[in-house]
Amino acid sequence: MAGVSLVAALGAVLVLTRPQGPATVAERAREEAPAARVAGEPPPAVDDEHAYAPGSPGAVAERFLRAFWRAHYVDAAALSTGETLARCQRDQRAGAELPPEHAELYRRVRVFREASRYRLERVTVTELPPTSDGLARKLVLGEAHATGPSPDDARMVESRRGQRLVLVLVDGAWKVAEWTATANTPAPDAGGAR
C-alpha cells in the first residue's frame, strides 16, 4: 500500500508541475533568451529601472511595455491580466509558429528591439473606481520614449507615443488589464518616428 501511495504521489507531482498552456519550457527559454547576434549587430540595451518605486503602477507599466515591445511575451504576460494577458499569449504563439523562411527576419527584428531603450515619461497615475469584483484600479497615462539603432543603416532614431494603461491590483501586485497607444508625437531632430 505504501508503494502504491508513493507512485501516486510522484505521478501527481509530475502532472501538476509539467508546463501548462501553449508554451513548453523549451519554447519559453527560446523566446525569453536574447536574440542571437551576428557581428556588427547592436548589443541589448541596459534599462534604467530607478525612475519609479518598485512594484508601483508606473514601474509595472514601464516594465510591461519594455517586455512587450522586445517580444519578451512571457515577461509581459506575468505583468498583465485579462485581455492584455490574452494578447501576450497570442503574440507569443504567433512568434513560435512562424514558418522557417521568416525566422531570420524575426531574429533580426528582435535584435533591434532589444537594442532599443524604452522609457515611460510624463507619467500621471489616477485612482479609478474598483472593478465589479472589488479590485483596486489605477489609470497610468504617459509618453513612451523609444530610442535605438535603425535596422537599415544603424543611425539612431527615436519616437514618442502616448500610452494609456489601466492596472488592477491582483493578489497584491499591479497587473496591466488594458493598454492602448494614444497620439503619436515625433521627436525633434529624430530623423523620423518609429
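Up top you'll find the structure we're talking about.
Okay, so let's go over this structure. Remember, it's a predicted structure, so these values are computed and weren't measured experimentally.

## Observations concerning the packing of aromatic side chains
Here comes step 1: One pass over the full model with this rule turns up six aromatic pairs.
Here comes step 2: Judged by centre distance (5.4 Å) and plane angle (45°), the ring pair of Trp69 and Tyr118 falls under tilted. With Trp69 in helix α3 (residues 57–69) and Tyr118 in strand β1 (residues 117–128), the pair connects residues that are 49 residues apart, well separated along the chain.
Here comes step 3: Ring plane angle 65° and centroid distance 6.1 Å describe the contact between Trp69 and Trp179, whose orientation is recorded as edge-to-face. Of the two residues, Trp69 is situated in helix α3 and Trp179 in strand β4 (residues 173–185); the sequence distance between them amounts to 110 residues.
Here comes step 4: The class for Trp69 is partly exposed, based on a relative accessible area of 22%.
Here comes step 5: On the accessibility criterion, Trp179 (12% relative accessible area) is buried.
Here comes step 6: Chaining the aromatic ring pairs together yields one cluster made of Phe64, Phe68, Trp69, Tyr73, Tyr118 and Trp179.

## Looking at helix α6 (residues 103–115)
Here comes step 1: Taking 1.5 Å of rise per residue, 13 residues should cover 18 Å, and α6 covers 18 Å from first to last C-alpha, within 8% of that figure.
Here comes step 2: Those residues of α6 lying buried are Arg107, Arg110, Val111, Phe112, Glu114 and Ala115.

## Observations regarding the pattern of salt bridges
Here comes step 1: Scanning all chains against the criterion turns up 10 salt bridges.
Here comes step 2: With a closest N to O distance of 3.3 Å, Lys138 and Glu127 form a salt bridge. Remark: Glu127 occurs in strand β1 and Lys138 occurs in strand β2 (residues 137–149); sequence separation between them is 11 residues.
Here comes step 3: Overall, the relative accessible area of 57% leaves Glu127 in the exposed class.

## A short note on the nonpolar core
Grouped burial of nonpolar side chains is what soluble globular proteins tend to show.
Here comes step 1: Membership of the largest hydrophobic core comes to 19 residues, with the highest contact counts inside it found for Phe64, Phe68, Leu165, Leu167, Val176 and Trp179.
Here comes step 2: Among the secondary structure elements, those contributing two or more residues to this core are α3, α4 (73–78), β3 (156–170) and β4.
Here comes step 3: Non-local contacts of Phe68, meaning those with residues more than four positions away in its chain, are made with Tyr73, Ala76, Arg87, Cys88, Asp91, Arg113 and Trp179.

Cut-offs applied
Residues numbered from 1 in each chain as written. Predicted model: local features only at pLDDT ≥ 70, side-chain atom pairs only at ≥ 80, totals over all residues. Heavy atoms only, no water. Phe/Tyr/Trp six-rings, centres within 6.5 Å; stacked < 30°, edge-to-face > 60°. Helix = DSSP H or I, 4+ residues; strand = E, 2+ residues; numbered from the N terminus. Buried < 20%, exposed > 50% of the residue type's maximum accessible area, 1.4 Å probe, protein only. Expected span 1.5 Å × (residues − 1). Salt bridge = Lys/Arg side-chain N within 4 Å of Asp/Glu carboxyl O. Core = buried A, V, L, I, M, F, W, Y, C linked by side-chain atoms within 4.5 Å. Contact = heavy atoms within 4.5 Å.

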